[in-house]
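Fold and geometry: a report
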Amino acid sequence: MKEVITYSLHDYVRSHKYFPPISTYFVLILVFYTYKPNPIVDSYAITALFLFVISAWLCMSVLSLDSPVQRQLLILHLGSSCQYYLAKLVTVWLITLLLTVFTFLYPIIFNMFSGTVSFTIGFVTFANHVLLATLGIGIASFFSKVMMESAINAYGGLALTIILSITALGIHEALPASIRYVTWLLPPATVTQQPLIQWEGDSLSHLSYLSFIWIVIYAGVIILLFLILAKKRR
Amino acid sequence: MNQLVELKSINKKYEKKNVLYDISLSLKEKQVIAILGGNGSGKSTFLRIAAGIERPDSGQVLYASKSIRIGYVPERFPKYLRFTPDEYLHYIGRINGISKAVLNERISSLLYRFGLKAWRNQRISELSKGNIQKVGVLQAILQQPELFILDEPLSGLDAAAQQELLSIISELKEQGTTILLTYHEASIFEGMADQTYYLKDGCLTEEVMTEKEDVKLIEITSFIGIDVAEWKEILYSEIREDRLLLYVSSKNSNQILMRILELQGSIESVSSTDFNS
């Protein structure tokens, strides 16, 4: 699997397909930190949402790298379609990890914050970025070329899902109480926003973990479902 | 001979068309099996199912071992790979778990045998069709396969590469590899196959050895208004570039030629040919 990850990273770099999502992300971060000082936790909460969207875009482009025949050949050589798709998702995840490091360090290095980033705040906000990136990858895998032949359905479906997940809190408030629970089905991209903004950053024990655990469960289940369905689509 | 693969009651539908219907076949060690059939007869689908890269709608593909090494040469190897043959084959070898030292030696020897050494560091996307097809063959034999599947492997290969492929297939067979292949036109594989099957209307039938029928190939350049779909004497027809190619039994060729001339078609050539329907 390690070789497929290296192969995919090498191929992705040569394809130049990384340029649109990554340059967009850099521009977003640079514009976001135009003014200073900025509140630490609130800023990191917003940049994690940016990363959620960009991770989905990266996932779409990485999963479209191999032609169907090349995909079949790699699966045959690897001996497992699950390992192939998992390797592709890990490839995207590694790229998002680099983006997370950049997002985390950029405002610290250029003194964009109003205070100092403590270890506790750093740990929680870094983890939030990683979790939302994983969630974005999981969602996009469902709308990738592997699962959908039509590019319009794929990109349209993904855009709609991302919009719904970002506006989930508003939708939840607008819906009648009896059907509010349907918003639990939406990807939990914003569930960590409120606990993070309310958190004072002093201690981990004052932070509600439930929303973070919910992202882990949701992302884990959709990635597992993707692997099962992709295997069946052979 | 031990059984290597068994395909049991394979069925495959694309939309509403039955491409493969209740096909069963056993492949034994060291066997060379050819599957013949016209365009769209389901040969490639059958090979992909045998290789395990496509699922049948129903039926089973049983391998002698779970860790069976399968080499598969697709009909059209991907053209737009962003790697050089050297890089690509190294990746494929590493994915197969071949050590670096063995891989370096094996890749160099195979590139030399197939006349690809001069292009080893040029991107595959920049190679000629024939050289791309050679890379397609090499990735399949990099690890000595127990089952070697080739889908029309000759298309695009020059005569030297065809001969090299033939000698590699013979070597692999000697070493115990089972070979499953398809070819369309008269082929150098004809004498090599231990068993030949025909795939027609989704069904697989074993070749009955009959005396070869003399077939004429008629090339027509101007064929507007000529609809050969209803002409029962035509064994096979296809449009290639701006020409209509008709394969006709020798005994019916004069009749067909007259009919084409009556319809003001322009006959470019008439030649004898080998034809596998």
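All of the points below concern the structure found in this document.

This part is about the interface of chain B and chain A. With 16 residues of chain B in contact, the opposing surface of chain A contributes 17 residues. Residue assignment for the side of chain B that touches chain A shows that the elements contributing at least two residues are strand S5 (70-73) and helix H2 (85-95) of chain B. Tallying contributions element by element places H2(B) first for the side of chain B that touches chain A, with 4 residues. Per-class residue counts for the side of chain B that touches chain A are 9 nonpolar, 2 polar and 5 charged.

Now for the sheet that holds strand S2 (residues 17-28) of chain B. Residue and element names in this part refer to chain B. Read across the sheet, 3 strands follow the order S2-S1-S4 without closing on themselves; strand pairing throughout is antiparallel. Sheet topology places S2 and strand S4 (58-63) at the edges, where each strand pairs with a single neighbour. Averaged over neighbouring strand pairs, the angle between their axes works out to 10 degrees when direction is ignored. With 8 bridges joining them, strand S1 (residues 3-14) and S2 adopt antiparallel strand pairing. In the strand pairing of S2, Ile10 is matched with Ile23. Across the face of the sheet, helix H1 (residues 43-51) comes into contact with S1, S2 and S4 while running at roughly 130 degrees to S1.

On to unusual backbone geometry, then. Of note, the amide linkage connecting A:Lys36 to A:Pro37 takes the cis form, showing an omega dihedral of 5 degrees. Positionally, A:Pro37 belongs in the loop between helix H2 (19-32) and helix H3 (40-63). Not every positive phi belongs to a glycine, and A:His16 is a case in point at roughly 65 degrees. Residue placement: A:His16 occurs in the loop between helix H1 (2-15) and H2. For A:His16, a count of 9 C-beta atoms within 10 Å corresponds to the exposed category. The phi dihedral of B:Ser9 is positive, around 45 degrees, even though this residue is not glycine.

For the rest of this paragraph, the subject is the packing of helix H6 (residues 119-142) of chain A against helix H10 (residues 210-232) of chain A. Residues and elements named next belong to chain A. At a minimum axis separation of 9 Å, H6 and H10 run at an interaxial angle of 30 degrees. One way to sum up the angle between H6 and H10 is to call them roughly parallel. Crossing of H6 against H10: the hand is left-handed. Of the residues in H10, those in contact with Leu131, Thr134, Leu135, Gly138, Ile139, Ser141 and Phe142 of H6 are Phe212, Ile215, Val216, Tyr218, Ala219, Ile222, Ile223 and Phe226.

Below, the discussion takes up the sheet that holds strand S8 (residues 195-200) of chain B. All names here are of chain B. Strand order across the open sheet formed by 6 strands is S5-S6-S7-S3-S8-S9, with mixed pairing between neighbours. Of all strands in the sheet, those bounded by a partner on one side alone are S5 and strand S9 (203-206). For this sheet the average axis-to-axis angle between neighbouring strands, irrespective of direction, equals 20 degrees. Where strand S3 (residues 32-36) meets strand S7 (residues 178-182), 4 bridges bridge the pair, whose relative direction is parallel. In the sheet register, Ile33 faces S7, and the bridge partner there is Leu180. Across the sheet, helix H4 (residues 129-141) is in contact with S5 and strand S6 (147-151); its angle to S5 comes to roughly 175 degrees.

Moving on to H4(B). Residue pairs three or four apart in sequence face the same way in an α-helix, which turns once every 3.6 residues. In this model H4(B) runs 19 Å from its N-terminal to its C-terminal C-alpha over 13 residues, within 8% of the 18 Å that 1.5 Å per residue would give. With respect to burial, H4(B) is a largely interior element, 11 of its 13 residues being buried. Of all the residues in H4(B), the buried ones are B:Asn131, B:Ile132, B:Gln133, B:Lys134, B:Val135, B:Gly136, B:Val137, B:Leu138, B:Gln139, B:Ala140 and B:Ile141. Along its buried surface, H4(B) packs onto helix H4 (68-78) of chain A together with S5, H2, helix H3 (100-113), S6 and helix H5 (159-174) of chain B.

How each quantity is defined
- Residues numbered from 1 in each chain as written.
- Chains lettered and ligands numbered in written order.
- Predicted model: local features only at pLDDT ≥ 70, side-chain atom pairs only at ≥ 80, totals over all residues.
- Contact = placed C-beta atoms within 7 Å.
- Helix = DSSP H or I, 4+ residues; strand = E, 2+ residues; numbered from the N terminus.
- Nonpolar A, V, L, I, M, F, W, Y, C, P; charged D, E, K, R; others polar.
- Pairing = 2+ DSSP bridges.
- Axes fitted to C-alpha atoms, helices over the stretch in contact; angles between N-to-C directions.
- Buried ≥ 20, exposed ≤ 12 C-beta atoms within 10 Å, placed from the backbone.
- Parallel < 35°, antiparallel > 145°, perpendicular 65-115°, else oblique.
- Left-handed = near helix turned anticlockwise from the far one by under 90°.
- Expected span 1.5 Å × (residues − 1).

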